[in-house]
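Residue-level structure breakdown
Residue-level listing of the chains:
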Amino acid sequence: MLKLLTSIPLYHSMRRTGRPRLLPLNLTVSVTYRCNSRCLTCNVYDRKADEFTVDEFDKTFASLGRAPYWFTMSGGEPFLRTDLVDICESAWRHTRPAIINIPTNGILTDRIPSMVESIAARCHGTEVIVNLSLDEIGERHDVIRGVTGNFEKALSTYKALRKLNLDNLTLGIHTVISVHNVLRLPEIYEYMTRELAPDSFITEIAEERVELDTIGSGVTPKPDDYAAAVDFLTARLHEQKFRGISRVTQSFRARYYGLVKRFLNEHRQIIPCYAGFASGQIAPDGDVWFCCIEARSVGNLRDANYDFPSIWFGEKARELRKRVRTGACSCPLANAAYTNMLMHVPTLAGVGWEIVTRQPPGGRRQTGTGD
């Protein structure tokens, strides 16, 4: 955590002046586009890619040094990669991240728990966060996810993961708020937290992304509907009592909801964006993006002999940073938003003040920051 906090002024300087040259502390690695869901909010399964091998990931991670603080191993469905354990271990061996976050639809009940157990064992000292994607309850979830029986399989996976009881495993529920479920968010939340009692319940807004092939799909909820849903979630957060790092993530989560509410009405960067500075993404075929909303490649790792810094500090990246810095693009992407809030001094001050002034006597463990 100290490493993370001391890096903030350096990233501020990089965004203003281009110096020092820093690698991202938040890196999303899309290991595949393949997916066994057919979601109403995502068409990523239609994308094709010549996927990186473990050896290619290993060479890439070796070029990162100890820069990344957390990884998100994303998809598609990450657990369709039978070598996901090796990919995670490679990232851990080369970079020693504090967090490895893995979202999953939970369908592969016979595979996911054993793979998660192996990842947690091999990546000791790193918090492994598995976020199970549940957008509704029962058959309603199956309709949104396009797979009959998805909900029951996900519950079986959740129960098997809960039985692992690993010290470095956090098990969360992740809900995408879209036009298909926004009006039912209170019922969804109450069911998930009451019946499953996850370590964390997090949400993000359904977006129109190039990566997901959802431009023009109309999946994003109306601003007023979203505001009502997250106002409910924020009130529930403030009612709960948390300890330790959970109090920090609770405060950031409430602020994320507020940022998205403002974005839906103003359509601009509400706080400065650090995509391309402190956060980035690697596509399954080795393209390097600043984020998945526009999915603009600044270079391919295969063409650069798997040397991530040569792409990150290359001319295409410098040009795209100008676009980000001037606010020419904007979005409510959750993963990038949490990094942006970490870099935003007023947000940090607000979180600190809330922690100091609200002293809960006890509470549940809750961690996790997003996809």
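Before any of the text, the structure's been laid out above.
About the cut-offs
- Residues numbered from 1 in each chain as written.
- Predicted model: local features only at pLDDT ≥ 70, side-chain atom pairs only at ≥ 80, totals over all residues.
- Heavy atoms only, no water.
- Core = buried A, V, L, I, M, F, W, Y, C linked by side-chain atoms within 4.5 Å.
- Buried < 20%, exposed > 50% of the residue type's maximum accessible area, 1.4 Å probe, protein only.
- Helix = DSSP H or I, 4+ residues; strand = E, 2+ residues; numbered from the N terminus.
- Contact = heavy atoms within 4.5 Å.
- Expected span 1.5 Å × (residues − 1).
- Phe/Tyr/Trp six-rings, centres within 6.5 Å; stacked < 30°, edge-to-face > 60°.
- Lys NZ or Arg CZ within 6 Å of the ring centre and 35° of its normal.
- Salt bridge = Lys/Arg side-chain N within 4 Å of Asp/Glu carboxyl O.

What follows is about the nonpolar core. In this structure, Met73 and Tyr256 are the most contacted members of the largest nonpolar core, which totals 116 residues. With eight residues, the single largest contributor to this core is helix H9 (residues 245–266). Once residues lying within four places of it in the same chain are set aside, the contact partners of Tyr256 are Thr203, Glu204, Ile205, Tyr226, Pro332, Ala334, Ala337, Tyr338 and Met341.

Once that is clear, we can look at helix H7 (residues 185–196). For H7, spanning 12 residues, the distance from its first C-alpha to its last is 16 Å, which sits close to the expected 16 Å at 1.5 Å a residue. Buried within H7 we find Leu185, Ile188, Tyr189, Tyr191, Met192, Thr193 and Leu196. Contact partners of the buried residues in H7: helix H6 (150–162), strand S5 (169–177), strand S6 (200–205) and helix H8 (223–239). Two residues or fewer after H7 comes Ala197, characterised by a positive phi angle close to 50 degrees.

This part covers the packing of aromatic side chains. All told, the structure shown has 13 aromatic pairs when counted by the stated rule. Both rings, one in Phe151 and one in Tyr191, keep their centres 6.1 Å apart while their planes meet at 45 degrees; by these two values the pair is tilted. Note that Phe151 is positioned in helix H6 and Tyr191 in helix H7, a separation of 40 residues in sequence. Each of the two residues, Phe151 as well as Tyr191, counts as buried. On the basis of an interplanar angle of 85 degrees and a centroid distance of 5.6 Å, the ring pair of Tyr189 and Phe232 is categorised as edge-to-face. Of the two residues, Tyr189 sits in helix H7 while Phe232 sits in helix H8, which places them 43 residues apart along the sequence. Neither Tyr189 nor Phe232 differs from the other in exposure class; each is buried. Among the aromatic residues, those joined into a ring-pair cluster are Phe52, Phe57, Phe61, Phe71 and Tyr306. Stacked on the ring of Tyr274, the Lys or Arg Arg15 has its end atom at 5.3 Å from the ring centre. Sitting above the plane of the Tyr45 ring, Arg38 keeps its charged end 4.1 Å from the centroid.

Structurally, the position occupied by Leu161 is in helix H6. Judged by relative accessible area, which is 1%, Leu161 ranks as buried. Excluding residues that lie within four positions of it along the chain, Leu161 makes contacts with Ile112, Pro113, Val116, Val130, Leu169 and Leu171.

Bringing the pattern of salt bridges into the picture now. Applying the stated rule across the entire model yields 25 salt bridges. Asp83 is the partner of Arg81 in a salt bridge, and the nearest nitrogen-oxygen pair spans 2.9 Å. Notably, a salt bridge pairs Asp86 with Arg122, separated by 2.9 Å at the nearest N-O pair. Of the two residues, Asp86 sits in helix H3 (residues 84–95) while Arg122 sits in helix H4 (residues 112–122), which places them 36 residues apart along the sequence. According to the relative accessible area criterion, Asp86 is partly exposed, its value standing at 32%. According to the relative accessible area criterion, Arg122 is partly exposed, its value standing at 33%. Put simply, Arg34, Glu51, Arg81 and Asp83 are held in one network by salt bridges that share partners.

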